[in-house]
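Residues per chain are reported as follows:
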Amino acid sequence: MEEATFLTRYARRVFVVHRRDKLRASKIMQDKAFNNDKIEFIWNTDVAEILGNPEQGVTGVRLKETTTNQERVFECDGVFVAIGHKPNTDLFQGQLDMDAVGYLKTSGHSTATNIPGVFACGDVQDSVYRQAVTAAGTGCMAAIDAERFLDHLPIAMPSGEGVTIEGEHISPDHEAIIMPDGNIVPNKAGAVNREP
Ligand SMILES: Cc1cc2nc3c(=O)[nH]c(=O)nc-3n(C[C@H](O)[C@H](O)[C@H](O)COP(=O)(O)OP(=O)(O)OC[C@H]3O[C@@H](n4cnc5c(N)ncnc54)[C@H](O)[C@@H]3O)c2cc1C
């Protein structure tokens, strides 16, 4: 609905072709569209074909009623396809934390997800801006976060202990961390070893 309302800034009339007889958009967006004199709804209908030619561009669409399968040609100057806002994150269900819509949750200003070493960026993580440049920006953030994560993993030594870039030594049984100042702390989370 947001898109239809946006298009009324540039078009004299906007026809919303919808396959069902009601919308799933929020009530506030629906009311905005229903109250806009430039927007008209064509219910229970699919766009079966976009019609046009190289000289004139789009000249119309072939519409198909979903209840009767009846077809008709509808003249128009342009077609915009709304693809919806559901992020493509179904494969992460049950693994990565996500909100009710499916956007992956990240921690604070970072791109860290609930799984250490997994970082989320771009349209699967950003429900607000959803632009190429912001996706590229958060992609860069995720790359930096991933690099720092890898840098801080302990490297496995031949002795069996792990050593981090900060000079921490993780005991071979992974039970204790010897800090650079000699302090010994229990390794509660368990250390992850990286092959040298
Ligand atoms: C019609 C349209 C017009 C737009 N116009 C603009 C615009 O004018 N300006 C602007 O800034 N932004 C625009 N955007 C938004 C912009 O395209 C996105 O914000 C941006 O592409 C998001 O980048 P991304 O890397 O997060 O996701 P995507 O570009 O969607 O990249 C995700 C990639 O993951 C791949 N993938 C998906 N599932 C799997 C899987 N299971 N395994 C492996 N790979 C997988 C996909 O094939 C895809 O290559 C537009 C978007 C659309 C749809």
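Residues numbered from 1 in each chain as written. Predicted model: local features only at pLDDT ≥ 70, side-chain atom pairs only at ≥ 80, totals over all residues. Heavy atoms only, no water.

## Some points on the overall build of the protein
The line we're drawing: Only DSSP runs of H or I with at least four residues qualify as helices, and only runs of E with at least two residues qualify as strands; both kinds are numbered from the N terminus onward. With the radius of gyration taken over C-alpha atoms, the globule rule is written as 2.2 Å times the number of residues to the power 0.38. For the exposure calls, accessible area comes from a 1.4 Å probe over protein chains only, and a residue counts as buried if that area is under 20% of its type's maximum, exposed if over 50%, partly exposed in between. By definition in these notes, contact holds between two residues if any of their heavy atoms fall within 4.5 Å. Note on areas: Shrake-Rupley, 1.4 Å probe, and residue coverage restricted to the protein chains presented here. Positive residues here are Lys and Arg, negative ones are Asp and Glu, while His and the chain termini are left out of the count. A charged residue contributes its charge at one atom only: NZ of Lys, CZ of Arg, CG of Asp or CD of Glu.
Each helix and strand in the protein was counted, giving three helices and ten strands. Beginning at the N terminus, the succession of helices and strands in the protein can be written as α-β-α-β-β-β-β-α-β-β-β-β-β. Whereas a compact globule of 196 residues would reach a radius of gyration of roughly 16 Å, the protein reaches 27 Å, over 25% beyond that. By its C-alpha atoms, the protein is 80 × 35 × 30 Å across when sized along the principal axes. Expressed as a percentage of the 196 residues in the protein, the buried residues total 25%. By sequence separation, contacts in the protein at least 24 residues apart represent 30% of the contacts at least 6 residues apart. Within the structure as shown, the protein displays about 13,500 Å² of accessible surface, and the carbon and sulfur contribution to it stands at 55%. Taking the average place of the 19 positive charges on the side chains of the protein and the average place of its 28 negative ones, the gap between the two points comes to 12 Å.

## Re the domain arrangement of the protein
The criterion, for reference: Boundary definitions for the domains trace back to an automatic or database domain assignment.
Per the domain assignment, the segments making up the protein are domain 1 (1-82), domain 2 (84-151) and domain 3 (155-193). Placing the centre of domain 1 and that of domain 2 at their C-alpha centroids yields a distance of 32 Å.

## Digging into the environment of F80
In this fold, F80 is placed in the loop between β5 (71-75) and α3 (132-151). Residue classification places F80 among the exposed positions, given a relative accessible area of 63%. C-alpha of F80 to C-alpha of L7: the two residues are 73 residues apart in sequence and 9.1 Å apart in space.

## Overview of the pattern of salt bridges
The line we're drawing: Here a salt bridge means any side-chain nitrogen of Lys or Arg lying within 4 Å of a carboxyl oxygen belonging to Asp or Glu.
As enumerated under the stated definition, the model contains six salt bridges in all. Between R13 and E40 there is a salt bridge, with the nearest N and O atoms lying 2.7 Å from each other. Remark: E40 occurs in strand β2 (residues 39-42) and R13 occurs in the loop between α1 (2-7) and β1 (14-17); sequence separation between them is 27 residues. Overall, the relative accessible area of 39% leaves R13 in the partly exposed class.

## Examining the nonpolar core
Going by this rule: To define a nonpolar core, start from buried Ala, Val, Leu, Ile, Met, Phe, Trp, Tyr and Cys residues and group those joined through side-chain atoms within 4.5 Å.
Counting ten residues, the largest nonpolar core consists of M1, A4, L7, V14, V16, L23, M29, A33, I39 and F41. Setting aside anything within four residues of it in sequence, one finds M1 in contact with V16, L23, A25, M29, A33 and F41. If you look at the next biggest cluster of nonpolar residues, it comprises five residues, including I42, L63, F74 and C76.

## Some points on α3
Inclusion rule: The span one expects for a helix is its residue count, reduced by one, times 1.5 Å. The directions from the helix axis to the C-beta atoms form the arc being described.
Over its 20 residues, α3 runs 28 Å from end to end, which matches the ideal 28 Å to within 8%, given 1.5 Å per residue. For α3, the set of buried residues is T138, A142 and D145. An end-on view of α3 places all buried positions within 65 degrees of arc, on one side of the element. Within α3, the exposed residues directed more than 90 degrees away from the buried face are A132, V133, A136 and E147.

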